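# Survey of secondary and tertiary structure
As a plain string of letters, each chain reads:
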Amino acid sequence: SMEDASLQHIGVLGGGAWGTALAQAAATAGRQVTLWAREADVVDSINSTHDNHRFLPDCPLHPNLKASTNMHDLARTDTVLVVSPAQYVRASLEALSAATETPIPLVICAKGIEVASGKFLSTVAAEVVKEAQIAILSGPTFAREVAQGLPCALTLAAESPDLVEALTHALASRHFRLYASRDITGAQIGGAVKNVLAVATGIVEGLGLGENARAALITRGMAEIMRFGDAYGANRETLMGLSGLGDVLLTCSSQQSRNFSLGYEIGRGRRFADIMAERETVAEGAHTAKILAKIARDRNIDMPIMRTANDIIHGGCDVRDAVGALLDRPLTTESP
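Reference entry: report on the structure contained in this document.

Calculation notes
- Residues numbered from 1 in each chain as written.
- Predicted model: local features only at pLDDT ≥ 70, side-chain atom pairs only at ≥ 80, totals over all residues.
- Heavy atoms only, no water.
- Axes fitted to C-alpha atoms, helices over the stretch in contact; angles between N-to-C directions.
- Helix = DSSP H or I, 4+ residues; strand = E, 2+ residues; numbered from the N terminus.
- Parallel < 35°, antiparallel > 145°, perpendicular 65-115°, else oblique.
- Left-handed = near helix turned anticlockwise from the far one by under 90°.
- Contact = heavy atoms within 4.5 Å.
- Nonpolar A, V, L, I, M, F, W, Y, C, P; charged D, E, K, R; others polar.
- Core = buried A, V, L, I, M, F, W, Y, C linked by side-chain atoms within 4.5 Å.
- Buried < 20%, exposed > 50% of the residue type's maximum accessible area, 1.4 Å probe, protein only.
- Salt bridge = Lys/Arg side-chain N within 4 Å of Asp/Glu carboxyl O.
- 1 Å grid on protein atoms, 1.4 Å probe; cavity = no way out; pocket = protein on both sides within 12 Å on 5 of 7 lines; lining within 4 Å.
- Points joined across faces, edges and corners; volume = space filled by probe spheres on them.
- Arc of directions from axis to C-beta.
- Polar contact = N/O pair within 3.5 Å; in protein donor to acceptor, adjacent residues only side chain to side chain.
- Pairing = 2+ DSSP bridges.
- Right-handed = clockwise from strand over helix to strand, strands pointing away.

Before going further, it helps to spend a moment on the packing of helix α8 (residues 184–206) against helix α11 (residues 242–251). Helix-helix packing is described using two parameters, namely the angle between the two axes and the distance between the axes. For the pair α8 and α11, the least separation of the axes is 8 Å and the interaxial angle reads 25°. Comparing their axes, α11 and α8 come out roughly parallel. In this structure, α8 crosses over α11, and the sense of that crossing is right-handed. In this structure, α8 contributes G186, A187, G190, G191, K194, N195, L197 and A198 to the contact, and α11 contributes S243, G244, D247, V248 and T251. Grouping the amino acids of the contact of α8 with α11 by side-chain chemistry returns four nonpolar, seven polar and two charged.

Right under this line is the structure:
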């Protein structure tokens, strides 16, 4: 059994908006926090002025939060929250693993599927860090609101109830609520797939097709998430919970979402490459769309919305031609 007292020092791998917000949440819960970031200016900004000027500007950070560019500082923590972009999780964990004597429990907070392999991030982590205990933290959360201490609720999934209990004790506070699960697979599916759905709903918004169209699209998108979950043996209850439906509701209706705003720009007629050229941060949905379309094809999972989103983002498919494929679905028989 893990002693609660053993998780006093929380490491955060990744200094983007979400990594910073999670570091803030852990510091607010009374923990000592070390955040590792690749960018020296981000580390300097956090340490000297208690803010992340690049990724989360105008948001004062807790003094218990220290940042570092040295992976060895992360290796001395009691657990590490893994918040690198999904496609960098493997490389980040390889670097962490090289700096660490014995494996530290890992909490995967990135949302996505590894494009190169088609693997969930829990599998990637298990491959890189052989002995580590692995948990998943996922839910409907915009980084800025979490960093400001506004209320939120997330799913925390792990096979070990002791690990969930220790992590909950370490991270939860009045405004940062954690709900336990053992469905590691299901807890990752919503967070990955909803990013693609958010791009699709953004496209519909950018085209000015209205609220009714968006509601239909989100509902059919949930059916695709369910089918995808079934193919991987996920629990439908998880997919209807915070990490699934909850995250879909948040992300598929707000310009605050990087994925939704990406879709919105595409819907208004801009090219994907042009939009990405002027953005500092990547929208995870753009990567996930590619691998989802491949998995749906390979495993014969019916995911027309996800496939069409990929055609629009990466296939050079004209958005006005393709949008019919996004929306004609509800005219057929409604089946799971």
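Membership of the largest hydrophobic core comes to 46 residues, with the highest contact counts inside it found for F228 and L326. Mapped by element, the contributors of at least two residues to this core are α8, α9 (211–231), α12 (258–267), α13 (272–277), α14 (284–298), α15 (304–314) and α16 (319–327). Sorting elements by how many residues they give to this core places α8 first, with ten residues. The residues contacting L326, other than those within four sequence positions of it, are A200, I203, V204, L217, I305, T308, A309 and I312.

A few words on the pattern of salt bridges. Throughout the structure, instances matching the rule amount to 16 salt bridges. Residue R90 is joined to E114 by a salt bridge in which the shortest nitrogen-to-oxygen separation is 2.9 Å. Of the two residues, R90 sits in helix α4 (residues 89–99) while E114 sits in strand β6 (residues 113–114), which places them 24 residues apart along the sequence. A relative accessible area of 22% means that R90 is categorised as partly exposed. For the salt bridge of D298 with K294, the shortest nitrogen-to-oxygen distance reads 2.6 Å. Here K294 and D298 lie together in helix α14, a separation of four residues that amounts to about one turn. Each of R90, E114, K119 and E127 takes part in one network of salt bridges that share partners.

What follows deals with the layout of surface pockets. Estimates place the volume of the largest pocket at around 1,200 Å³. What lines the largest pocket is a set of 43 residues, among which G16, A17, W18, R258 and T281 lie closest to the centre. For the lining of the largest pocket, the elements supplying multiple residues, two or more each, are α1 (17–28), α4, α6 (143–147), α8, α11, α12 and α14. Its residues assigned to classes, the lining of the largest pocket shows 19 nonpolar, 14 polar and ten charged.

Moving on, we come to α16. Among all positions in α16, only V319, A322, V323 and L326 are buried. The arc enclosing the buried residues of α16, seen along the axis, measures out at 115°, which places them on a common side. Those residues of α16 hidden inside the fold are in contact with α8, α9, α12 and α15. Its side-chain oxygen 3.0 Å from the backbone nitrogen of R320, D318 forms the N-cap of α16.

All right, on to unusual backbone geometry then. Backbone geometry places D58, a non-glycine residue, at a positive phi of 60°. Located in the positive-phi region is N300, a residue other than glycine, with phi close to 55°. Following the sequence through the fold, N300 ends up in the loop between α14 and α15. Residue N300 is classed as exposed on the basis of its relative accessible area of 71%.

As judged from the six bridges shared by strand β9 (residues 152–158) and strand β10 (residues 176–181), these two strands associate in the parallel manner. Paired with L154 across the strands is L178, a residue of β10. This β-α-β element, β9 to helix α7 (residues 161–171) to β10, shows right-handed connectivity.

So, about the packing of α9 against α15. Two numbers describe how α9 lies on α15: the axes approach to 8 Å, and their chain directions differ by 105°. With respect to α15, the element α9 is oriented roughly perpendicular. Two secondary-structure elements touch here, α9 through L217, R220, G221, E224 and R227 and α15 through P304, I305 and M306. Residue composition of the contact of α9 with α15, grouped by class: four nonpolar, one polar and three charged.

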